[in-house]
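Geometric and topological summary
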Amino acid sequence: MTSPEKSLLAAELALGLLPAKEQDEGLRAVARDPELLREMDFWQSRFVGFMGPVEDEVPPPRVFTALQARLFGDAEPRSVWRDLLAPENRGLLVLVLAVKLGVIALVLYALF
């Protein structure tokens, strides 16, 4: 394993970004490799400033799905309602609703 790879692995271990199986394998590698242990200590010392008394909170699953889609380009399932209510379509939605109300008003005026 090259030095940049060790540094990346140590950073991921320090942040806890790896799945459980890879985390366990990484920690075993840290126990065997003094250079990797030094890298792990370095990254933990760098991240300690970010760590404070923070309570664990599990975000809803939709957050993970949205992050995956944004980071790796996996498309979220499309929905007609989501597309209609998207910020870029709100002007069109207001226009369509105004036209519908106008048509309803004209029909009611013509009937009565």
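Residues numbered from 1 in each chain as written. Predicted model: local features only at pLDDT ≥ 70, side-chain atom pairs only at ≥ 80, totals over all residues. Heavy atoms only, no water.

On to the overall build of the protein, then. What the protein contains, in helices and strands, is six helices and zero strands. Tracing the protein from N to C terminus, the helices and strands come up as α-α-α-α-α-α. Relative to the 2.2 N^0.38 estimate, which gives 13 Å for 112 residues, the radius of gyration of the protein is 26 Å and therefore markedly larger than a compact globule would have. Taken along its principal axes, the extent of the C-alpha atoms in the protein is 90 × 30 × 20 Å. Counting the 112 residues in the protein, one finds 15% classified as buried. A fraction of 49% describes how many contacts in the protein between residues 6 or more apart in sequence connect residues 24 or more apart. As displayed, the protein offers around 9700 Å² of accessible surface, 65% of which is attributable to carbon and sulfur atoms. Across the protein, the 12 positively charged side chains and the 16 negatively charged ones have centroids separated by 6 Å. (Helix = DSSP H or I, 4+ residues; strand = E, 2+ residues; numbered from the N terminus. Rg over C-alpha atoms; globule rule 2.2 N^0.38 Å. Buried < 20%, exposed > 50% of the residue type's maximum accessible area, 1.4 Å probe, protein only. Contact = heavy atoms within 4.5 Å. Areas by Shrake-Rupley, 256 points an atom, 1.4 Å probe, with all protein chains shown as cover. Lys, Arg positive; Asp, Glu negative; His and termini not counted. Charge placed at Lys NZ, Arg CZ, Asp CG, Glu CD.)

To continue, consider helix α1 (residues 3-15). Here α1 contains 13 residues, and its C-alpha end-to-end distance of 18 Å stays within 8% of the 18 Å for a straight helix at 1.5 Å per residue. Listed in full, the buried residues belonging to α1 are K6, S7, L9, A10, A11, L13 and A14. Its buried side turned inward, α1 meets α2 (20-32) and α3 (34-47). Looking one or two places after α1, you find G16, whose phi comes out positive at around 70 degrees. (Expected span 1.5 Å × (residues − 1).)

Our next topic: the nonpolar core. Among the nonpolar cores identified, the biggest contains eight residues, and these are L9, A10, L13, L18, A29, V30, L36 and M40. Breaking this core down by element, the ones donating at least two residues are α1, α2 and α3. Sort the elements by how many residues they give to this core and α1 lands first, with three residues. Each residue touching L18, except ones within four places of it in the same chain, is listed here: L9, E12, L13 and Q23. (Core = buried A, V, L, I, M, F, W, Y, C linked by side-chain atoms within 4.5 Å.)

Here we take up the confidence of the model for the protein. When pLDDT is averaged along the protein, the result is 86; 92% of the residues meet or exceed 70. Summarising per-element confidence for the protein, the mean pLDDT is lowest in helix α5 (residues 80-84) (79) and highest in helix α6 (residues 90-111) (92). (pLDDT = per-residue confidence, 0-100.)

Right, let's get into the pattern of salt bridges. Working definition: two side chains of opposite charge can pair if their charged atoms are close together. If you walk through the whole model with that rule in mind, you get two salt bridges. The partner of K6 in a salt bridge is D33, with the nearest N and O atoms 2.8 Å apart. Here K6 is found in helix α1, whereas its partner D33 is found in the loop between α2 and α3, with 27 residues between them in sequence. Residue E35 pairs with K6 through a salt bridge whose shortest N-O separation is 3.2 Å. Placement of E35 in helix α3 and of K6 in helix α1 is noted, with a sequence separation of 29 residues between them. Residue E35 is classed as partly exposed on the basis of its relative accessible area, which comes to 30%. Taking the relative accessible area as the measure of exposure, K6 reaches 11% and is therefore buried. Salt bridges sharing common partners tie together K6, D33 and E35. (Salt bridge = Lys/Arg side-chain N within 4 Å of Asp/Glu carboxyl O.)

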